Amino acid sequence: QVQLVESGGGLVQPGGSLRLSCAASGSIRGIYAMGWYRQAPGKQRELVAVITNGGSTNYADSVKGRFTISRDNAKNTVYLQMNSLKPGDTAVYYCNAEILGWVRTEYWGQGTQVTVSS
C-alpha cells in the first residue's frame, strides 16, 4: 500500500509565502514524476507544477517565476515553494506521483487547503 501525505497549507496574506510538502510511503520500488495540482471552488483541477525523477520541471504559466517545485529522492518527498502568493492561488492543492510498487500506478494525496486573503 502506498500513501501520499501532504502538509504545509494554511492561510497567508497576499504577497506571502508557503511551502508544501508531500511524502510518499509504503511499498515503493521507484518514483517517476511527482507533481502538484490544485482545484479552486467551481473550477476543474489543474496542473501547477511537475518534476521528473531526473529533475526536469514544468510549470503552469500562472505560477512561473513565483513557485518552485523540488524533490528529495532519498526521502521520497516533493516540495512546492510558493512565493508572491495571490488571492487567485487559493485552492486545495493535491500531490500526485507515479510510483512503482508491484505495478506502476498513479497516486493522489488527500489535498491541503491554501487560502490567500487579507
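See the structure above.
Residues numbered from 1 in each chain as written. Predicted model: local features only at pLDDT ≥ 70, side-chain atom pairs only at ≥ 80, totals over all residues. Heavy atoms only, no water.

(A) Just the overall build of the protein chain, in detail. Counting secondary structure elements, the protein chain contains 0 helices and 11 strands. In the protein chain, the order of α-helices and β-strands from amino to carboxyl end is β-β-β-β-β-β-β-β-β-β-β. Along the first, second and third principal axes, the C-alpha atoms of the protein chain reach 45 × 25 × 25 Å. Residues classed as buried in the protein chain amount to 39% of the 118 residues present. If you take every contact in the protein chain between residues at least 6 apart in sequence, the share linking residues at least 24 apart comes to 54%. (Helix = DSSP H or I, 4+ residues; strand = E, 2+ residues; numbered from the N terminus. Buried < 20%, exposed > 50% of the residue type's maximum accessible area, 1.4 Å probe, protein only. Contact = heavy atoms within 4.5 Å.)

(B) Structural context of the environment of L20. The residue L20 is located in strand β3 (residues 18–26) in this model. A relative accessible area of 0% means that L20 is categorised as buried. Through-space distance from the C-alpha of L20 to that of S7 is 5.8 Å; in sequence the pair is 13 residues apart. Here L20 is in contact with S7, G8, G9, W36, V78, Y79, L80, M82, Y93, T112 and V114, once residues within four sequence places are set aside.

(C) Representation of the state of the cysteines in the model. Using the criterion set out here, one finds 1 disulfide in the structure. At a sulfur-sulfur separation of 2.1 Å, the disulfide partner of C22 is C95. One quick way to see it: the torsion about the S-S bond of C22 and C95 is about -80°, and its sign makes the bridge left-handed. Remark: C95 occurs in strand β9 (residues 91–100) and C22 occurs in strand β3; sequence separation between them is 73 residues. (Disulfide = S-S within 2.5 Å.)

(D) Structural detail: the side chain of E6. Among the structural elements, E6 can be located in strand β1 (residues 2–7). Buried within the structure, E6 lacks any salt-bridge partner; R45 is the closest side chain of opposite charge, at an N-O distance of 7.9 Å. Within polar-contact distance, the side chain of E6 engages the backbone nitrogen of Q110 at 3.3 Å. Within the structure, E6 has its side chain in polar contact with the backbone nitrogen of G111 (distance 2.4 Å). Excluding its chain neighbours within four sequence positions, the residues that come into contact with E6 are S21, C22, W36, Y93, Y94, C95, G109, Q110, G111 and T112. (Lys, Arg positive; Asp, Glu negative; His and termini not counted. Salt bridge = Lys/Arg side-chain N within 4 Å of Asp/Glu carboxyl O. Polar contact = N/O pair within 3.5 Å; in protein donor to acceptor, adjacent residues only side chain to side chain.)

(E) Spatial organisation of the sheet that holds β3. Reading across the sheet, the 4 strands line up as β1-β3-β8-β7 and stay open at both edges, with antiparallel pairing between neighbours. Lying at the two open borders of the sheet, with one neighbouring strand each, are β1 and β7 (67–72). For this sheet the average axis-to-axis angle between neighbouring strands, irrespective of direction, equals 15°. Direction of pairing for β3 relative to strand β8 (residues 77–82): antiparallel, over a ladder of 6 bridges. Looking at β8, one finds that L20 is bridged to L80. (Pairing = 2+ DSSP bridges. Axes fitted to C-alpha atoms, helices over the stretch in contact; angles between N-to-C directions.)

(F) Quick look at the pairing of strand β11 (residues 112–116). Residue alternation in β11 divides its side chains into a buried set, T112, V114 and V116, and an unburied set, Q113 and T115. In this structure, strand β2 (residues 10–12) lies alongside β11, joined through 3 bridges in parallel fashion. What sits directly across from L11, in β11, is T115. In terms of strand pairing, β9 meets β11 through 3 bridges, oriented antiparallel. By the bridge assignment for β11, V92 is matched with Q113.

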